[in-house]
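# Descriptive structure summary
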Amino acid sequence: KKSGKSGFFPRRKTKVHQEAQLQEDSLTDLLWNVDLISRSVVSVVDLLRQGGVPHGAAVAPPAAASGFYPLCGPDSCIVGKYRLLVVDDDRMSRKLLRRRLSRLFPHADVDEADSGETAVERTAAHYYDVIFMDQYMGDGMCGDQTIRHLRDACAVDSLVIGISGNEESDAAQIGAGAEDFFTKPLPPDGTFLTRMAAVLPPPAGWEVLVADGSEMAGHFLVRKLHKVSTAHYLDLGVASTHWNITVCADALKTVEMMEGKAFDLVVLDNSFGAPLAARARDTPKNRGAIIALTTGSADAGAELLQKNGDVDIVWSKPLPNLEQMRRDLCHQLIKVREKKTTKSR
């Protein structure tokens, strides 16, 4: 659905780097499938040697389809250590938006820039997960010029959200490299967050643990997760700076890693399965981690979800596209905002 005043989901731009990304993703999925098939053949042979599946054995129902994202409510918020930048030449507009973002992103740091030139300076000093860009800003660079400069000259792959009182600025900012555009006044909180969650990656600085018995599968998964970490993929070199990803091909080593270090995301191959997911929940440092399971069978994922609830996300191989994986992770960060209680006198 196209972006605009009434659309929830933004338009997708057709650029050379995006076409190259799709080709690379297709090759990655093909190679991953080759690895998956080879391991599946080995599993089937072993199963036949053991006499096959017993007659009448229970089969788990299919897992719930990934990609269902309920709308955010008026009391929703997105947790995570995000860093946000508000770019607007009007001081009152910056103040109002900053106040609203502090409510919707309660753990975020929010900075301001009063011009496009100042925004370029700020992004050179710090990485921002999201940049909110006004269009018309005095005599300096306007919003779409700033966005194009950040994309082309500075290799900034942050999520950029255009904001303007003139809805005609939509095309200019989207064409320059913004992911979505809002017309002032901004929509209600629930609508605003629903559209944000459609394009928002988890914050930079995440610690990620990938556990897969296949080195090839782990390698390709790391490449894809690096791409998931950015809303505007430019190249792997830029994308790989956002998350620190550790790969383990051994179950015992994985347990040691989970006991000794806190992770924001733990991705487990189904060959390790439920025991490691439960173990992660038992370790004090990773009880709050998002746990994703990669599996060649949706049935196996459904069984884990039904039995213990240790798994938050199931990704069937070949993995979903980048947008769906990004939304799956962002959905885990949507919480109900805590209401402030007033002390009685």
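As the structure is a computational prediction, the values presented were derived from the model and not from experiment. (Residues numbered from 1 in each chain as written. Predicted model: local features only at pLDDT ≥ 70, side-chain atom pairs only at ≥ 80, totals over all residues. Heavy atoms only, no water.)

## Things to note about helix α9 (residues 251-260)
Listed as buried for α9 are T254, V255, M257 and M258. Along α9, the residues classed as buried sweep out an arc of 160° about the axis, all on the same side. Relative to its buried face, α9 has exposed residues pointing more than 90 degrees away, namely L252 and E256. The backbone nitrogen of L252 lies 3.1 Å from a side-chain oxygen of the residue at the head of α9, namely D250. (Buried < 20%, exposed > 50% of the residue type's maximum accessible area, 1.4 Å probe, protein only. Helix = DSSP H or I, 4+ residues; strand = E, 2+ residues; numbered from the N terminus. Arc of directions from axis to C-beta. Polar contact = N/O pair within 3.5 Å; in protein donor to acceptor, adjacent residues only side chain to side chain.)

## Description of the packing of aromatic side chains
The tally for this structure, following the rule as stated, stands at four aromatic pairs. Relative to F192, the ring of F132 has its centre 6.3 Å away and its plane inclined at 25°; by these criteria the two rings are stacked. Here F132 is found in strand β4 (residues 130-134), whereas its partner F192 is found in helix α6 (residues 189-197), with 60 residues between them in sequence. Take F192: its relative accessible area is 0%, and that puts it in the buried class. Ring centres of F182 and F192 lie 4.9 Å apart, and the angle between their planes is 45°; this geometry places the pair in the tilted category. Taken together, the residues span a long stretch of sequence, with F182 in strand β6 (residues 180-183) and F192 in helix α6 at a distance of ten residues. Connected via pairs of aromatic rings, a cluster forms that spans F132, F182 and F192. It is R100 that lies over the ring of F192; its NZ or CZ is 5.5 Å from the centre. In this structure, R195 is placed above the aromatic ring of F182, and the distance from its NZ or CZ to the ring centre is 4.1 Å. (Phe/Tyr/Trp six-rings, centres within 6.5 Å; stacked < 30°, edge-to-face > 60°. Lys NZ or Arg CZ within 6 Å of the ring centre and 35° of its normal.)

## A look at the sheet that holds β4
Taken in spatial order, the five strands make up an open sheet running β3-β2-β4-β5-β6, and their pairing is parallel. Each edge of the open sheet carries a strand with a single partner, namely β3 (109-113) and β6. The mean inter-strand angle of the sheet, taken between neighbouring strand axes irrespective of direction, is 20°. Pairing of strand β2 (residues 83-87) with β4 involves four bridges; the strand directions are parallel. Looking at the pairing, V87 lines up with M133 of β4. Against the sheet, helix α2 (residues 91-104) touches β2, β3, β4 and β5 (159-164), its axis set at about 165° to β3. Of the strands in this sheet, β2, β3 and β4 are in contact with helix α3 (residues 116-125), which crosses β2 at around 165°. (Pairing = 2+ DSSP bridges. Axes fitted to C-alpha atoms, helices over the stretch in contact; angles between N-to-C directions. Contact = heavy atoms within 4.5 Å.)

## Side note on the nonpolar core
By size, the foremost hydrophobic cluster in this structure holds 47 residues, and its most contacted members are L84, L101, F105, F132, L225, L265 and L329. Not counting residues up to four positions away in its chain, the partners in contact with F105 are I78, Y82, L84, L193, M196 and L200. (Core = buried A, V, L, I, M, F, W, Y, C linked by side-chain atoms within 4.5 Å.)

## Description of the confidence of the model for the chain
Keep in mind that low pLDDT regions are not for reading the predicted coordinates in detail. Residue-level pLDDT values for the chain average 82, and 74% of them are 70 or greater. The spread of mean pLDDT over the elements of the chain runs between helix α1 (residues 16-49), the lowest at 47, and β2, the highest at 98. Across residues 1-14, confidence stays below pLDDT 50; counting only partners more than four residues off in sequence or on other chains, it has 45 contacts. Ignoring residues within four places in sequence, the model shows residues 31-65, a span with pLDDT below 50, making 31 contacts including any to other chains. (pLDDT = per-residue confidence, 0-100.)

## Concerning helix α7 (residues 215-228)
Across its 14 residues, α7 extends 20 Å between first and last C-alpha, which sits within 8% of the 20 Å expected from 1.5 Å per residue. Within α7, ten of the 14 residues are buried, which leaves the element mostly enclosed by the surrounding structure. For α7, the complete set of buried residues consists of A217, G218, F220, L221, V222, K224, L225, H226, K227 and V228. (Expected span 1.5 Å × (residues − 1).)

## Some points on the pattern of salt bridges
On inspection of all chains with the given rule, the structure shows 16 salt bridges. K184 is the salt-bridge partner of D134, the closest N and O atoms lying 3.6 Å from each other. Residue D134 is located in strand β4, and its partner K184 is located in the loop between β6 and α6; the two are separated by 50 residues in the primary sequence. Under the relative-accessibility criterion, K184 is labelled partly exposed at 31%. Bridged by salt links that share partners, the residues D88, D134 and K184 form one connected network. (Salt bridge = Lys/Arg side-chain N within 4 Å of Asp/Glu carboxyl O.)

## Focus on the environment of R91
Relative to the elements of secondary structure, R91 occurs in helix α2. Sequence separation between R91 and E112 is 21 residues, and the spatial gap between their C-alpha atoms is 9.4 Å.

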